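# An overview of the molecular structure
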Amino acid sequence: MNGQKINDASAPFAPTRVRGDGSDSIHQAREASRTFADSLTPAPDPATADSLVLVVSELTTNAVRHGGGRYTLELSATPDCLTAEVSDPSPSPPRERAPDLNGGSGGFGWHMVRRLASELTVIYGPTTGKTIRARLAY
């Protein structure tokens, strides 16, 4: 699938959905997030749009690396909030790790997402998997 965009955000507040199945699709998720934020009227401030892109990048990367190798991203907005939901097939909860400052093995993403999101929720699926919902106020 590699980052297939399901629908577009051409109309303000229209949800956008992207499905990905590997590290190559993470770039597509970032691009979709930027396009989504830029399509809103009024557009969020540049710092909030950048935060959305960063949150989406971290959540989709974690879904690929730790959540079963594939994800579905859904972006939506209200007049005061951007929402990114990333679903993956793994029922394992996100795990906070100490950042690796020397070896480059990561550990920064979940901390960053928690800091940037005004609300963060993990929703476990009816059968398997989970969805991580990050809301960013603007």
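Structure's up top.
Residues numbered from 1 in each chain as written. Predicted model: local features only at pLDDT ≥ 70, side-chain atom pairs only at ≥ 80, totals over all residues. Heavy atoms only, no water.

### Let's talk about the pattern of salt bridges
Scanning all chains against the criterion turns up 5 salt bridges. In this structure, the salt-bridge partner of Glu85 is Arg133, at a minimum N-O distance of 2.5 Å. Pair noted here: Glu85 is in strand S4 (residues 81–88) and Arg133 is in strand S6 (residues 130–137), with a separation of 48 residues, a long-range link. Overall, the relative accessible area of 21% leaves Arg133 in the partly exposed class. (Salt bridge = Lys/Arg side-chain N within 4 Å of Asp/Glu carboxyl O. Helix = DSSP H or I, 4+ residues; strand = E, 2+ residues; numbered from the N terminus. Buried < 20%, exposed > 50% of the residue type's maximum accessible area, 1.4 Å probe, protein only.)

### Quick word on unusual backbone geometry
Looking along the chain, the bond that leaves Thr41 and enters Pro42 is cis, with omega of -5°. In this fold, Pro42 is placed in the loop between helix H1 (25–39) and helix H2 (46–66).

### Regarding the packing of H2 against helix H3 (residues 109–116)
Running from N to C, H2 and H3 point in directions that differ by 145°, and their axes come no closer than 10 Å. Crossing handedness for the pair H2 and H3: left-handed. Facing Ser51, Leu54, Val55, Glu58, Leu59 and Asn62 of H2, the residues of H3 in contact are Gly109, Trp110, Met112, Val113 and Leu116. Considered class by class, the residues forming the contact of H2 with H3 number 7 nonpolar, 3 polar and 1 charged. (Axes fitted to C-alpha atoms, helices over the stretch in contact; angles between N-to-C directions. Left-handed = near helix turned anticlockwise from the far one by under 90°. Contact = heavy atoms within 4.5 Å. Nonpolar A, V, L, I, M, F, W, Y, C, P; charged D, E, K, R; others polar.)

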